[in-house]
Amino acid sequence: MAVRRGLVAAVIAAQFCVPLVALLASAPPTRLGFQMYSGLGGLDITVEDERGEELEYDPADVLAVPPRIEIDWTRRLPEALCEATGAARVTVTRDRESSRTLEC
């Protein structure tokens, strides 16, 4: 019985320690690497009216799922937000890599 308990405890400890060591002791996340999307940053969406004031909108009106960061949302999202919200200007920024502002 003691051997089984020790084996179970060792397996549980390994399941915790191996990813922890891989995360802390390795290089920052890379494409197709361990936790490849954890270092990508975020998505910033600004929807403005004619006076430059930010408009409140429901992301569920244009997105079926929460925005996944690996997708380039600057291509089609501004047009969809212009149509759904009636905004005058939409800016979509993807982690300082790409940004697009659309005058509706």
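Residues numbered from 1 in each chain as written. Predicted model: local features only at pLDDT ≥ 70, side-chain atom pairs only at ≥ 80, totals over all residues. Heavy atoms only, no water.

Enquirer: Looking at this model, I keep getting lost on the overall build of the protein chain. Mind explaining?
Expert: If you tally the helices and strands in the protein chain, you get 2 helices and 3 strands. Written out in order from the N terminus, the α and β elements of the protein chain read α-β-α-β-β. Split into buried and exposed, the 104 residues of the protein chain put 18% on the buried side. Expressed as a percentage of contacts within the protein chain between residues at least 6 apart in sequence, the contacts between residues at least 24 apart total 46%. Entry remark: accessible area of the protein chain is about 7,900 Å², with carbon and sulfur atoms responsible for 57%. (Helix = DSSP H or I, 4+ residues; strand = E, 2+ residues; numbered from the N terminus. Buried < 20%, exposed > 50% of the residue type's maximum accessible area, 1.4 Å probe, protein only. Contact = heavy atoms within 4.5 Å. Areas by Shrake-Rupley, 256 points an atom, 1.4 Å probe, with all protein chains shown as cover.)

Enquirer: What is the right way to look at the pattern of salt bridges in this model?
Expert: Oppositely charged side chains can form a pair if their charged atoms are brought close together. Under the defined criterion, the tally for this structure stands at 6 salt bridges. Two residues, glutamate 103 and arginine 89, come together in a salt bridge whose shortest N-O distance is 2.8 Å. Pair noted here: glutamate 103 is in strand β3 (residues 98-103) and arginine 89 is in strand β2 (residues 89-94), with a separation of 14 residues, a long-range link. You can call arginine 89 partly exposed: its relative accessible area is 28%. Within the structure, one salt-bridge network assembled from shared partners comprises Glu48, Arg89 and Glu103. (Salt bridge = Lys/Arg side-chain N within 4 Å of Asp/Glu carboxyl O.)

Enquirer: Would you explain the state of the cysteines in this entry?
Expert: Structurally, a disulfide amounts to a covalent bond that connects the sulfur atoms of two cysteines. Per the stated rule, a full pass over the model turns up 1 disulfide. Disulfide pairing places cysteine 82 opposite cysteine 104 at an S-S distance of 1.7 Å. Residues cysteine 82 and cysteine 104 share a disulfide whose torsion about the S-S bond is about -55 degrees; that sign makes it left-handed. One end of the pair, cysteine 82, is in helix α2 (residues 77-85); the other, cysteine 104, is in the segment after β3, with 22 residues separating them in the sequence. Residue classification places cysteine 82 among the buried positions, given a relative accessible area of 12%. Given a relative accessible area of 48%, cysteine 104 falls into the partly exposed group. (Disulfide = S-S within 2.5 Å.)

Enquirer: It is not clear to me how the nonpolar core should be interpreted in this structure. Could you clarify?
Expert: Burial of nonpolar side chains together is a common tendency in soluble globular proteins. Grouped together as the largest cluster of nonpolar side chains are 10 residues: Val47, Leu63, Trp73, Leu77, Leu81, Cys82, Ala87, Val90, Val92 and Leu102. Listing elements by their share of this core, those giving two or more residues are α2 and β2. Looking at this core, the element that brings in the most residues is α2, giving 3 residues. Apart from the residues lying within four places of it in its own chain, the contact partners of leucine 77 are Ile45, Val62, Leu63 and Val92. (Core = buried A, V, L, I, M, F, W, Y, C linked by side-chain atoms within 4.5 Å.)

Enquirer: Would you mind going over the sheet that holds strand β1 (residues 43-48) with me for this structure?
Expert: By way of backbone hydrogen bonds, the strands of a sheet pair with one another, either parallel or antiparallel. Judged by pairing direction, the sheet is antiparallel, and its 3 strands sit side by side in the order β1-β2-β3 without closing on themselves. Of all strands in the sheet, those bounded by a partner on one side alone are β1 and β3. Strand after strand, the sheet turns through a mean of 5 degrees between neighbouring axes, direction not considered. Summarising the sheet, β2 and β3 pair through 6 bridges and their orientation is antiparallel. The partner of arginine 89 across the bridge, within β3, is glutamate 103. (Pairing = 2+ DSSP bridges. Axes fitted to C-alpha atoms, helices over the stretch in contact; angles between N-to-C directions.)

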